[in-house]
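Chain by chain, the residues:
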Amino acid sequence: MSEVFVARQPIFSSRQRVTGYELLFREQATSTCATVRDGQRATGDVLEHAFHGIGIDVLAAGKPVWVNFPRETLLGDTVDALPRQVVIELLEDVAADPEVVAACRALRDRGYRVAIDDYAFEDDRDPLLAVADIVKVDLSVVDLDWPELPRRVRALHQR
């Protein structure tokens, strides 16, 4: 088995307290980013090393961990083996089709939290809003002068 590294990125509250960690696939110990060729394998490697190698207590100290889920992993049976400490984070390339929305709804019904990654107010991803607990808005691709932006952000906050 080749070495796989897990990056741990803290998630802060508005009061600058660490509320969780995003666990990310890395190919080398010094990597600041990764070239992911197979999202399902990368997610599997992160979960394997986080829970059975490094140890989730070492990585997260009881806090929630966010893990990127491609479509295949979301629809597979991997989630069934995970504790509710894991926040299922849907990558930007996961389509908001009925099968994905139903899977997210079922996960929430079982006590998991679902996050949408890199949301940029795309109408085709809006069905995911009904089943998401957390929405990460990608401000680097949103026009900050867009007249609808304040209203749309308020609508997200109200959820």
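Shown above is the structure to which this text applies.
Definitions and limits used
- Residues numbered from 1 in each chain as written.
- Predicted model: local features only at pLDDT ≥ 70, side-chain atom pairs only at ≥ 80, totals over all residues.
- Heavy atoms only, no water.
- Salt bridge = Lys/Arg side-chain N within 4 Å of Asp/Glu carboxyl O.
- Helix = DSSP H or I, 4+ residues; strand = E, 2+ residues; numbered from the N terminus.
- Buried < 20%, exposed > 50% of the residue type's maximum accessible area, 1.4 Å probe, protein only.
- Expected span 1.5 Å × (residues − 1).
- Arc of directions from axis to C-beta.
- Contact = heavy atoms within 4.5 Å.

(A) The arrangement of the pattern of salt bridges in detail. By the definition in use, this model includes nine salt bridges. Here Arg71 and Glu99 are joined by a salt bridge, their closest N and O atoms 2.8 Å apart. Taken together, the residues Arg71 in helix H3 (residues 71–75) and Glu99 in helix H4 (residues 98–109) connect sequence positions 28 residues apart. Looking at Arg71, the relative accessible area reads 27%, which means it is partly exposed. Note that Asp117 and Lys136 form a salt bridge whose closest N and O atoms lie 3.6 Å from each other. One end of the pair, Asp117, is in strand S5 (residues 113–119); the other, Lys136, is in strand S6 (residues 134–137), with 19 residues separating them in the sequence. Taking the relative accessible area as the measure of exposure, Asp117 reaches 9% and is therefore buried.

(B) Broad picture of H4. Taking 1.5 Å as the rise per residue, H4 with 12 residues should run 16 Å; its terminal C-alpha atoms sit 16 Å apart, in good agreement. Every buried residue of H4 is listed here: Val100, Val101, Ala103, Cys104 and Leu107. An end-on view of H4 places all buried positions within 160 degrees of arc, on one side of the element. Summarising the geometry of H4, the exposed residues directed more than 90 degrees from the buried face are Pro98 and Asp109. Those residues of H4 hidden inside the fold are in contact with H3, strand S4 (86–90) and S5. Gly111 sits one or two positions beyond H4 and adopts a positive phi of about 100 degrees.

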